[in-house]
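Residue-level listing of the chains:
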Amino acid sequence: METSCDETSAAVVDEHGIRGLAIASQDAHAAFGGVVPEIAAREHIRSLDAMVRHAMREADVDHADIAGVGVTAGPGLVGALLAGVNWAKAYAFARGLPLLGVHHMEGHLFGTALEHEGAHPPFIGLLVSGGHTLLLEARAWGRYRLLGQTRDDAAGEAFDKVARRLGLPYPGGPEIQRAAERSAAAHGTAAGGTAAGGAAGRFRLPRPMLSRRDLPGDPAYYDMSFSGLKTAAARIAGQLEEESALADAVDDLAAEFQEAVVEVLAEKTRRAVEQTGCRRVVLGGGVARNSCLREGLAERLGSSGELYAPSPRLATDNAAMIAAAAQFRLARGERSPWSLNAEAALAFPGLA
């Protein structure tokens, strides 16, 4: 079960993969330009029963066939998380089933593995979402080494905030990509090209923390930062607005912003592959839906890496990835106590 933000999802998985999956996306937040926590929590409560019934019907199972209950325990919006955690605890207790609290971002790694046989440890994991940007080395399932992370804004958050500054609708990530594609069409360039499909050289945004002075022993070698990039894009937008020129420049500026984010993420991932010698790269998180990111990673890795990316349905928040992570931990004999609670800032499990 997954209720960390604004998707209500239930799924049934077994050793062969996904048996049933239901996802209800909440449209009400678009009117506010972002997720409203109270609305999200209420919508989860309204939708959970229906999502569970739908997933079980699709899987053709009944309650007696369920071996355990997995639920996102964090990180996320605490009210939204509580809706799922309390439902899962009540169901598991009533049925006498083991309960497994799952870390949302670890779930995204398992989500990609549900679709790709090669997406199994050891691998380099790049997790990119609205709330997190993490670069990990997965030595085995449940055993991870944190290589780098954003020092301020998550990449997905930066996409949303830049999109808002450019007057684009929420959620911002898909809107930025569509703007970049329009720019590509207008200028006759490839959407994954040097200027992300925009007018080459029209705008130039910084590529934070890609200094040549950084060495593998320096944390900055893998860490990322998107706050300054977001500010730089907002500053250019402000200047264009003063000149009454922003409307005609939105697509090109969005394209340049997208390319800057992709270049940072791709280069940091390439460094991890080079330094660890691990060729497999597993991409996860909502921003994994961005085709420019997937193409940029594949191009930067070249023949030195193997990229595994989730389909759009499993890139978004979904219960199948949570069930897969819970299944792994259940097989290891793990159980969560009945005192399991939602944690908005839950630490990533298994970090060495």
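Above this note sits the structure.
Note that this is a predicted model, so its numbers are computed, not measured.

Parameters at a glance
- Position labels on residues start from 1 in each chain and follow its written sequence.
- Per-residue local features are limited, in this predicted model, to residues with pLDDT of at least 70; the limit for side-chain atom pairs, both in listing and counting, is 80 or more; totals at the level of whole chains, interfaces and linings are taken over all residues.
- Computation of side-chain values covers all heavy atoms of the structure but excludes hydrogens and water.
- Helix and strand assignments follow DSSP, with helices taken as H or I runs no shorter than four residues and strands as E runs no shorter than two, numbered in order from the N terminus.
- Only the C-alpha atoms count toward the radius of gyration. The rule for a globule is 2.2 Å times the residue count to the power 0.38.
- Only protein chains enter the area calculation, which uses a 1.4 Å probe; residues under 20% of their type maximum are buried, those over 50% are exposed, and those in between are partly exposed.
- We call two residues contacting when some pair of their heavy atoms lies within 4.5 Å.
- Only the protein chains shown count as cover for residues, and the accessible areas themselves come from Shrake-Rupley with a 1.4 Å probe.
- All tallies of charge rest on Lys and Arg as positive and Asp and Glu as negative; His and the ends of each chain are not included.
- Note that the charge is assigned to NZ on lysines, CZ on arginines, CG on aspartates and CD on glutamates.
- Side-chain rings of Phe, Tyr and Trp (the six-membered ring for Trp) are treated as a pair once their centres are within 6.5 Å; stacked means planes under 30 degrees apart, edge-to-face means over 60, and tilted covers the remaining angles.
- A pair is scored as a salt bridge if a Lys or Arg side-chain nitrogen falls within 4 Å of a carboxyl oxygen belonging to Asp or Glu.
- In plain words, nonpolar cores are sets of buried Ala, Val, Leu, Ile, Met, Phe, Trp, Tyr and Cys residues tied together by side-chain atoms within 4.5 Å.

## Regarding the overall build of the chain
- Helix and strand content of the chain: ten helices and nine strands.
- For 352 residues, the compact-globule estimate of 2.2 N^0.38 gives 20 Å, and the chain sits close to it at 20 Å.
- If one aligns the C-alpha atoms of the chain with their principal axes, the spans along those axes are about 65 × 45 × 30 Å.
- Across the 352 residues that make up the chain, the buried fraction comes to 54%.
- Here the analysis covers contacts within the chain between residues at least 6 apart in sequence; of these, 74% occur between residues at least 24 apart.
- Of the accessible surface of the chain, which amounts to about 15000 Å², a share of 51% is contributed by carbon and sulfur atoms.
- One way to put it: in the chain the 35 positive side-chain charges average out to a point 4 Å from where the 43 negative ones average out.

## Things to note about the packing of aromatic side chains
- Enumeration according to the criterion identifies eight aromatic pairs in this entry.
- Relative to Trp141, the ring of Phe123 has its centre 5.6 Å away and its plane inclined at 70°; by these criteria the two rings are edge-to-face. Residue Phe123 is located in strand 5 (residues 123-128), and its partner Trp141 is located in the loop between strand 6 (133-140) and strand 7 (143-149); the two are separated by 18 residues in the primary sequence.
- For Phe123, a relative accessible area of 0% corresponds to the buried category.

## Focus: the pattern of salt bridges
- Applying the stated rule across the entire model yields 21 salt bridges.
- One salt bridge in this structure joins Glu137 and Arg145, with 2.8 Å as the shortest N-O distance.
- When its relative accessible area of 30% is taken as the criterion, Arg145 is described as partly exposed.
- For Asp223, the salt bridge identified is with Arg151, shortest N-O distance 3.0 Å. Within this pair, whereas Asp223 is found in the loop between helix 5 (172-187) and helix 6 (227-242), its partner Arg151 is found in the loop between strand 7 and helix 4 (155-165), the two being separated by 72 residues in sequence.
- Three or more residues joined by partner-sharing salt bridges are found here, namely Glu267, Arg270, Arg271, Glu274 and Arg300.

## Describing the nonpolar core
- The biggest cluster of nonpolar side chains holds 51 residues, and the ones touching the most others in it are Leu166, Ile176, Leu205, Phe226 and Phe257.
- When residues of this core are traced back to their parent elements, those giving at least two are strand 5, helix 4, helix 5, helix 6, helix 7 (250-276), strand 8 (280-284) and helix 8 (291-301).
- No other element matches the twelve residues that helix 7 contributes to this core.
- If we ignore the near neighbours within four places in the chain, the residues touching Ile176 are Phe159, Val162, Ala163, Leu166, Leu168, Ala254, Phe257 and Gln258.
- Judged by nonpolar contacts, the second largest core, of 25 residues, contains Met56, Val69, Val85 and Ala88.

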